[in-house]
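So the chains spell out like this:
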Amino acid sequence: MSSIPTFRRLPLGPLAAALCLAAALQPAAAQETKITLGMSGWTGFAPLTLADKAGIFKKNGLAVDLKMIPQKDRHLALASGAIQCAATTIETHVAWNTNGVPIVQIFQMDKSYGADGIAVRNDVKGFADLKGKTVAVSAPGTAPYFGLAWMLHKNGMTMKDVKTVSLEPQPAAQAFVAGQNDAAMSYEPYLSTIRANPAAGKILATTIDYPMVMDTVGCDPKWLKANAAAAKALAQSYFDAVAMIEADKTKSFEIMGAAVKQGGEQFGKSASYLKWSDKEANQKFFANELVPFMKESAVILKEAGIIRSIPENYGVMYDASFIQ
């Protein structure tokens, strides 16, 4: 026997019937999907800030909480479930996956063209002169640490050839200008602090000389499986932000600069040392460059003691379907 109450079977009047039909045809209000994403004040990540402040995330049905978390701690936040996605360098994704924190890269954000570098005192002529010297650099497992390891490797040296003191990019730059340490690994906007103080030292090398800093956004694989539409909207929001930058640099630079306490013009100078990747650039990168770079970076990660073994499967570390 039917359990439908009798009153639901009563015939409807014309007006009531029309109202019910209209309600049935009206789409339900889309509920914004919540995402917490870990990142830093690195200039390359700024389009995410723009997507937030300019309402792009909201327009694409997302409620994104951008959490400023040091790179050395981002994987812990991911493993604990405190964040679902993270922006970080490609080799960091390799390290996290290899060390037991799975993350799947879904779109590329930027390539550094001079925005990351090593500053040295003016009497240092080359990398060989850094032997035995003290370098301020972020902790193992971060982009600056990998950058230093990469540059030393390319010059026939290893991390064992230098002394390191653990400082994040901003304090590393500030300490260097104040006369502390022999060298410092930093990135924009903080590297410009050193550029503006030539008496303190000089930039020995950047990612123009050693192009190895490339950033992607990755997400927890379980979250991705359950939220594929939201992940695609996240990627699209980034592409929309890049398009907004192209359409109105002045306004975009002001919004992005404000997040790191820079004026629009100052932020623009920092941004000139990198390139943000649109959808077409993403598709080419994922098809041709991503895996070869991950493989090369794994060798240096192992040499630097960040991972214990070379990964067997790089395919689980990325998914290009979100940029199609």
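Chains are numbered independently. Their residues run from 1 in the order of the written sequence. The model is predicted, so local features are restricted to residues of pLDDT at least 70 and side-chain atom pairs to those at 80 or more, both for listing and for counting; the totals for chains, interfaces and linings are taken over all residues. Only hydrogens and water are set aside; all other atoms, that is, all heavy atoms of the structure, feed into the side-chain values.

**Considerations on the pairing of strand β6 (residues 134–137)**
As paired elements, β6 and strand β7 (residues 163–166) share four bridges and run parallel to each other. Along β7, the bridge assignment pairs T134 with K163. Handedness of the crossover is the feature at issue here: the chain leaves β6, passes through helix α6 (residues 143–154), returns alongside β7, and the resulting connection is right-handed. Strand pairing requires that DSSP identify at least two bridges connecting the strands. Secondary structure counts use DSSP, requiring at least four H or I residues in a row for a helix and at least two E residues in a row for a strand, with both numbered from the N terminus. When the strands point away from the viewer, a crossover counts as right-handed if the route from the first strand across the helix to the second turns clockwise.

**Quick word on the nonpolar core**
The definition of a nonpolar core used throughout is a set of buried Ala, Val, Leu, Ile, Met, Phe, Trp, Tyr and Cys residues joined through side-chain atoms within 4.5 Å. Any residue under 20% of the maximum accessible area for its type is buried, any over 50% is exposed, and the rest in between are partly exposed; the area is computed with a 1.4 Å probe on protein chains only. In terms of nonpolar packing, the biggest core is built from 94 residues, with L37, F107, I118, V217, L234 and W276 touching the most fellow members. Among the elements that take part in this core, helix α10 (residues 228–247) stands out by supplying 11 residues, more than any other. Where each domain begins and ends follows an automated or database-derived domain assignment. Split by domain, this core shows at least three residues from each of two domains, domain 1 (33–113 + 213–323) and domain 2 (116–206). Any pair of residues with heavy atoms lying within 4.5 Å of one another is described as a contacting pair. Every residue in contact with I118, bar those within four places of it in the chain, is listed here: F127, L130, V135, L148, M151, A183, A184, M185, K202, I203, L204 and A205.

**What about the state of the cysteines?**
The term disulfide refers to a covalent linkage connecting the sulfur atoms of a pair of cysteines. Criterion for a disulfide: a pair of cysteine sulfur atoms within 2.5 Å. Enumeration over the complete set of coordinates arrives at one disulfide. For C85, the disulfide goes to C219, at an S-S distance of 2.2 Å. On the sign convention where negative means left-handed, the S-S torsion of about 100° between C85 and C219 marks this disulfide as right-handed. Taken as a pair, C85 in strand β3 (residues 85–89) and C219 in strand β10 (residues 214–219) lie far apart in primary sequence, 134 residues in all. The same class applies to C85 as to C219, namely buried.

**Let's talk about the sheet that holds β7**
What the five strands build is an open sheet, ordered β7-β6-β8-β5-β9; its pairing is mixed. The open sheet is flanked by β7 and β9 (202–206), the only strands paired with a single partner. Across the sheet, the axes of successive neighbouring strands diverge by a mean angle of 30°, strand direction being ignored. As defined by bridge partners, strand β5 (residues 116–120) adjoins β9 across four bridges and the pair is classed as antiparallel. Looking at β9, one finds that A119 is bridged to I203. The axes are straight lines fitted to the C-alpha atoms, using for helices just the contacting stretch, and the angles between their N-to-C directions are given from 0 to 180°. Its contacts with the sheet put helix α7 (residues 169–177) on β5, β6 and β8 (183–187), and the angle it makes with β8 is roughly 135°.

**Here's the deal with the packing of aromatic side chains**
Side-chain rings of Phe, Tyr and Trp (the six-membered ring for Trp) are treated as a pair once their centres are within 6.5 Å; stacked means planes under 30 degrees apart, edge-to-face means over 60, and tilted covers the remaining angles. Per the stated rule, a full pass over the model turns up 11 aromatic pairs. Taken together, a centroid distance of 6.0 Å and an interplanar angle of 40° make the contact between Y187 and Y190 tilted. Judged by its relative accessible area of 12%, Y187 is buried. Here the aromatic residues W42, Y187 and Y190 are joined through ring pairs into a cluster of three or more. Over a ring means this: the NZ of a Lys or the CZ of an Arg is within 6 Å of the ring centre and within 35 degrees of the ring normal. Geometry around F176 places R121 over its ring, the cationic atom sitting 3.8 Å from the centre.

**Considerations on the side chain of Q262**
One can find Q262 in the loop between α11 (249–258) and α12 (264–271). With relative accessibility at 10%, the residue Q262 sits in the buried group.

**Remarks on the pattern of salt bridges**
Whenever a carboxyl oxygen of Asp or Glu lies within 4 Å of a side-chain nitrogen of Lys or Arg, that contact is scored as a salt bridge. One pass over the full model with this rule turns up 10 salt bridges. The residue D240 makes a salt bridge to K59 at a minimum N-O spacing of 3.3 Å. Note that D240 is positioned in helix α10 and K59 in helix α3 (residues 56–59), a separation of 181 residues in sequence. Of the residues examined, K59 reaches a relative accessible area of 59% and is grouped as exposed. For K111, the salt bridge goes to E289, with nearest N and O atoms at 2.9 Å. In this pair, K111 is assigned in strand β4 (residues 104–112) and E289 in the loop between α13 (279–288) and α14 (290–303), connecting sequence segments 178 residues apart. Relative accessible area serves as the criterion here: at 36%, E289 is assigned to the partly exposed category.

**Quick notes on the UniProt feature "domain: SsuA/THI5-like" (unreviewed entry) in the protein**
UniProt positions are given in the numbering used here, feature names are shortened, and annotations may be inferred rather than shown by experiment. In the numbering used here, UniProt assigns the "domain: SsuA/THI5-like" (unreviewed entry) feature to residues 43–188. For residues 43–188, the end-to-end C-alpha separation is 6 Å, with 36% helix and 27% strand making up the annotated structure.

**Topic: the pairing of β10**
Here β10 lies mainly inside the structure; six of its six residues are buried. Going residue by residue along β10, you find M214, T216 and G218 tucked away on one face and D215, V217 and C219 tucked away on the opposite face as well. Summarising the sheet, β3 and β10 pair through five bridges and their orientation is antiparallel. Each bridged residue has a counterpart across the sheet, and for A86 the counterpart in β10 is G218. Note that β4 and β10 share six bridges and pair antiparallel. Each residue of the ladder has a partner; that of F107, found in β10, is V217.

**Re the domain arrangement of the protein**
On domain assignment, one finds that the protein holds domain 1 (33–113 + 213–323) and domain 2 (116–206). Domain 1 and domain 2 are separated by 24 Å when their C-alpha centres are compared. Counting residues at the interface gives 23 residues for domain 1, matched by 23 residues for domain 2. Summed over both partners, the accessible area lost on bringing two parts together, with a 1.4 Å probe, is the buried area. Buried area between domain 1 and domain 2, summed over both chains or domains, comes out near 1,900 Å², and the portion from carbon and sulfur atoms is 65%. Linking K154 and E296 is a salt bridge whose minimum nitrogen-to-oxygen distance equals 3.0 Å. Top element by residues in the side of domain 1 that touches domain 2 is α14. It accounts for six residues. We call Asp, Glu, Lys and Arg charged. Ala, Val, Leu, Ile, Met, Phe, Trp, Tyr, Cys and Pro are nonpolar, and the rest, Gly among them, are polar. Counted by class, the side of domain 1 that touches domain 2 contains nine nonpolar, 10 polar and four charged residues.

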